[in-house]
Amino acid sequence: MSWWQIGEGYGTQSFGGELRTDLVDCGFCGETGNFDFESRLKKENSVGKVLHYDTLKCEQCGNLTSVFWGNGSSGLQRFHQVPWLQKTTKWPSHWPDDVGRYWLQAQRSVEASNWDAAALMARSAVQLTLRHQHAEGRSLYEEINDLGSKAILPPIMVEWAHEVRVLGNENAHPTLGAAPTTDRDAKAVVEFLTMLLKIVFDLPNQIDDHRDSRKKE
Ligand SMILES: [Zn+2]
């Protein structure tokens, strides 16, 4: 695939064709959508497709972020930026806020090597996500199996869940002298959570976006 294909068939709504600076985070201070354009360049090919090379200046901290971007023919936009934010500060707006908050804390605990906290928050986020999907059962595994039987989760996710040790730990309360969570176990449950969120929240949202853009063609 060529960079000239950017935004074709996949992206976010561009609303009129200008760069969605409201979705760009400053790579230094994390401020979102608060930029001035420092420089703007574009290249157009023979069929009128335009690639943009913009440099944005953060109004809050003054540092520069380069954004390469383009719009697809159906009005979708994709961008890539350098530098990007090295720590996680937010979650996608189409996730429920409670799930997003737990996911964020799990993610940041991984970034800070706080493995017990990461595992606990990720496990809680999985639990919340299952409840948002009206899963039934007396344990996490039963709830996951339930969503599998309702075809909300594919069989491979149900299988995978049983390999994630932290999900099987029904006693999420602190116990005396409990062994610390290993980085491996913590990362495994965060990885499972990330995939779960993709399937349950991102995929339907992406399909909705795609349908919307088809309607506008
Ligand atoms: Zn900044």
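You'll find the structure just up there.
Every value quoted in this text rests on a predicted model; they were computed, and no experiment measured them. (Residues numbered from 1 in each chain as written. Predicted model: local features only at pLDDT ≥ 70, side-chain atom pairs only at ≥ 80, totals over all residues. Heavy atoms only, no water.)

(A) The pairing of strand β5 (residues 76-82), seen in detail. Summarising the sheet, strand β1 (residues 12-13) and β5 pair through 2 bridges and their orientation is antiparallel. Residue pairing in the sheet places T12 in a bridge with Q77 of β5. The antiparallel pairing of strand β4 (residues 64-71) with β5 creates a hairpin that spans 4 residues between the two strands, and G75 there sits at a positive phi of about 90°. (Pairing = 2+ DSSP bridges. Helix = DSSP H or I, 4+ residues; strand = E, 2+ residues; numbered from the N terminus.)

(B) Structural context of the layout of surface pockets. In this structure, the largest pocket spans a volume of roughly 1500 Å³. Around the largest pocket sit 34 residues that line it, and T12, L23, K90, P92 and H94 are the ones nearest its centre. A per-element tally of the lining of the largest pocket places helix α6 (residues 183-215) first, with 8 residues. A breakdown of the residues in the lining of the largest pocket according to their chemical character gives 11 nonpolar, 13 polar and 10 charged. Lining the lining of the largest pocket are residues from two domains, each supplying at least three of them: domain 1 (3-82) and domain 2 (97-212). (1 Å grid on protein atoms, 1.4 Å probe; cavity = no way out; pocket = protein on both sides within 12 Å on 5 of 7 lines; lining within 4 Å. Points joined across faces, edges and corners; volume = space filled by probe spheres on them. Nonpolar A, V, L, I, M, F, W, Y, C, P; charged D, E, K, R; others polar. Domains from an automatic or database assignment.)

(C) Quick look at the coordination of the zinc ion. Protein ligation of the zinc ion involves C26 (SG), C29 (SG), C58 (SG) and C61 (SG), the donor distances falling in the range 2.3 Å. Taken together, the 4 donor atoms coordinating the zinc ion span angles of 105 to 113° at the metal, a pattern that classifies the geometry as tetrahedral. In primary-sequence terms, the residues that donate to the zinc ion follow C-x2-C-x28-C-x2-C. One end of the pair, C29, is in the loop between β1 and β2 (35-44); the other, C61, is in the loop between β3 (50-58) and β4, and 32 residues separate them in sequence. (Donors = N, O, S within 2.8 Å, 3.2 Å for Na, K, Ca; no water. Tetrahedral: all angles 85-135°; square planar, octahedral: opposite > 155°, others 65-115°.)

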